[in-house]
Amino acid sequence: MDYTLAKKNTFKNDVIFIDGLWGTGKSIIAPIVGAMDGVEKQKIEHIYEYLCALRFLNKIEIDAADSLLKIYADLSQYNNLVGREVNLRWHDDSGPRNNPNSLRYVQRMFGKEGDTIVEDINEQNLALNVMSHMITQISEPLVNAYGNRLKIIEMVRHPVYMVQHWYSYLSKFDSEREFTISFDHNNQKVPWFASSWKDKYVEMTVMDRALNSIIFLYDLLFKSLDNLNIQSSNILVISFESFVMNTEDELQKLQDFLGRSHSYKIKKILKQQKVPRKKLSQGKGHSSYGWIKSEASSEKVEYNNQLEFIHKKASEDALQEFDILIKKYNKKWPSILNQYH
């Protein structure tokens, strides 16, 4: 039997995605957004990017992706409001240390449920808040499913400062604890975003894979942003460099984009996230993905240290293409780093 899946009666609340490539610094913004008026704590739920990636690979029908995205967003928000799935892991990005209103979520485990919860979600526009990876590049299913409900905050970061993270991550890509949508090609695991250049991917060194992945995903992001800009209410791009150095300006952009006020705890949250900063590489990071607190004497020295790490391991072809990306990035999101290239 041929039929079309559908979920027409959905919640009315905003669905916020805090998105970016691996290593762009999304976890800095997430607690700030999660503390804003009427926004739930950030959740890391990979199902959204999985469905978009499967659609990108043409492995799932449009109606199936659309229905699942609508169902899961509503179910996830309902579970938020009745206290299910409360994350108590202290060091997680979505755990209590990184959620200013953690006590509120614990209290919900002893509270009400039912249709009154749905009424609260809709009438108060209680926003779902999801951290995702590389979903803007393949966001067409999100636009179709959520329409004007969709709010994407895209975090970008200077490519040079992302390479160590990507190199470390792809070095461990065959790990059993790695959960990216992937496929097998010539007996090697290949991530979804390398489907159009899989033959080259399997022949590359880890460093060249890292550089070419960043290049491909940024180029795909540029195209997606051009499409999403037609619906400018759906997307806000924030550069890591601007956010950590010019924090007040970026906080105002977040307020204007979401139409919500910041928490009265905002100063405490900013202090915890170590922003604003005097140097880009100060602050927090994931050491398990190659982040090391910088001891460099200046921003220029740190930048050159990052470049040296890349040049030692990369091929000339990859370096030439990466240089083109750096110039594109510097033009789109200029920062102090422009003067060092």
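This report concerns the structure included in the present document. (Residues numbered from 1 in each chain as written. Predicted model: local features only at pLDDT ≥ 70, side-chain atom pairs only at ≥ 80, totals over all residues. Heavy atoms only, no water.)

### Observations concerning the overall build of the protein
In step 1: Along its length, the protein carries 14 helices and seven strands.
In step 2: Partitioning the contacts of the protein with sequence separation of at least 6, the portion at a separation of at least 24 is 75%.
In step 3: Carbon and sulfur atoms provide 50% of the accessible area of the protein, an area that totals close to 16,700 Å². (Helix = DSSP H or I, 4+ residues; strand = E, 2+ residues; numbered from the N terminus. Contact = heavy atoms within 4.5 Å. Areas by Shrake-Rupley, 256 points an atom, 1.4 Å probe, with all protein chains shown as cover.)

### Description of the packing of aromatic side chains
In step 1: Counting across every chain of the model gives 19 aromatic pairs.
In step 2: Between Tyr-48 and Tyr-72, the aromatic rings sit 5.7 Å apart at their centres with planes inclined by 80°, giving edge-to-face as the arrangement. Note that Tyr-48 is positioned in helix H2 (residues 47-56) and Tyr-72 in helix H3 (residues 62-81), a separation of 24 residues in sequence.
In step 3: Under the relative-accessibility criterion, Tyr-72 is labelled partly exposed at 29%.
In step 4: Considering the side-chain rings of Trp-197 and Tyr-201, the 5.7 Å spacing of their centres and the 65° angle between planes classify their relative orientation as edge-to-face. Of the two residues examined, Trp-197 and Tyr-201, each falls in the buried class.
In step 5: In textbook terms, an aromatic cluster arises when at least three aromatic residues are bridged by ring pairs, as seen for Trp-22, Phe-56, Trp-166, Tyr-169, Phe-173, Trp-192 and Phe-193.
In step 6: Over the ring of Phe-257 we find Lys-151, and its NZ or CZ is 5.6 Å from the ring centre.
In step 7: One residue, Arg-157, lies across the ring of Phe-240, its end atom 3.7 Å from the ring centre. (Phe/Tyr/Trp six-rings, centres within 6.5 Å; stacked < 30°, edge-to-face > 60°. Buried < 20%, exposed > 50% of the residue type's maximum accessible area, 1.4 Å probe, protein only. Lys NZ or Arg CZ within 6 Å of the ring centre and 35° of its normal.)

### Notes on helix H7 (residues 163-171)
In step 1: The set of residues buried in H7 consists of Val-163, His-165, Trp-166, Ser-168, Tyr-169 and Leu-170.
In step 2: In this structure, the buried residues of H7 make contact with helix H8 (198-203), helix H9 (206-228), helix H13 (299-313) and helix H14 (316-332).

### Considerations on the nonpolar core
In step 1: Counting residues in hydrophobic clusters, the biggest one holds 95 residues, and the most contacted among them are Phe-17, Tyr-146, Trp-166, Tyr-218, Phe-243 and Phe-322.
In step 2: In terms of nonpolar packing, the next biggest core, distinct from the first, is built from seven residues, Tyr-78, Leu-81, Val-82 and Ile-121 among them. (Core = buried A, V, L, I, M, F, W, Y, C linked by side-chain atoms within 4.5 Å.)

### A short note on the sheet that holds strand S2 (residues 43-44)
In step 1: The strand order S2-S3-S1-S4-S7 describes an open sheet built from five strands, whose pairing is parallel. Of all the strands in the sheet, the pair left with one neighbour each is S2 and strand S7 (235-239).
In step 2: With respect to the sheet, H9 is in contact with strand S4 (150-156) and S7, its orientation differing from that of S4 by roughly 145°. (Pairing = 2+ DSSP bridges. Axes fitted to C-alpha atoms, helices over the stretch in contact; angles between N-to-C directions.)

### So, the pattern of salt bridges
Opposite charge on two side chains allows them to pair when their charged atoms are near.
In step 1: For the structure shown, the criterion picks out ten salt bridges.
In step 2: Linking Arg-260 and Asp-14 is a salt bridge whose minimum nitrogen-to-oxygen distance equals 3.1 Å. Linking Arg-260 in the loop between helix H11 (247-258) and helix H12 (266-273) with Asp-14 in the segment before strand S1 (15-19), this pair joins segments that are 246 residues apart in sequence.
In step 3: The class of Arg-260 is buried, set by a relative accessible area of 9%.
In step 4: We classify Asp-14 as buried; its relative accessible area is 10%.
In step 5: The salt bridge involving Glu-308 is made with Lys-312; its shortest N-O contact spans 3.6 Å. Here the residue Glu-308 and the residue Lys-312 both occupy positions in helix H13, the gap between them amounting to four residues, near one helical turn.
In step 6: Under the relative-accessibility criterion, Glu-308 is labelled partly exposed at 43%.
In step 7: Beyond isolated ion pairs, a larger network of salt bridges with shared partners links Lys-7, Asp-74 and Arg-149. (Salt bridge = Lys/Arg side-chain N within 4 Å of Asp/Glu carboxyl O.)

### Let's talk about the layout of surface pockets
In step 1: Computed from the structure, the second largest pocket encloses a volume of approximately 320 Å³.
In step 2: Taken together, 17 residues make up the lining of the second largest pocket; nearest its centre are Arg-55, Ile-138, Ser-139, Glu-140 and Pro-141.
In step 3: Of all the secondary-structure elements, those providing two or more residues to the lining of the second largest pocket are H2, H3, helix H6 (140-146) and H9.
In step 4: Sorting elements by how many residues they give to the lining of the second largest pocket places H9 first, with four residues.
In step 5: For the lining of the second largest pocket, the class distribution of residues is eight nonpolar, six polar and three charged. (1 Å grid on protein atoms, 1.4 Å probe; cavity = no way out; pocket = protein on both sides within 12 Å on 5 of 7 lines; lining within 4 Å. Points joined across faces, edges and corners; volume = space filled by probe spheres on them. Nonpolar A, V, L, I, M, F, W, Y, C, P; charged D, E, K, R; others polar.)

### Structural notes on the side chain of Thr-180
In step 1: Residue placement: Thr-180 occurs in the loop between H7 and strand S5 (182-185).
In step 2: Given a relative accessible area of 17%, Thr-180 falls into the buried group.
In step 3: Polar side-chain contacts of Thr-180 include one of 2.3 Å to the side chain of Glu-178.
In step 4: If sequence neighbours within four positions are ignored, Thr-180 has contacts with Trp-22, Tyr-169, Phe-173, Pro-191 and Trp-192. (Polar contact = N/O pair within 3.5 Å; in protein donor to acceptor, adjacent residues only side chain to side chain.)

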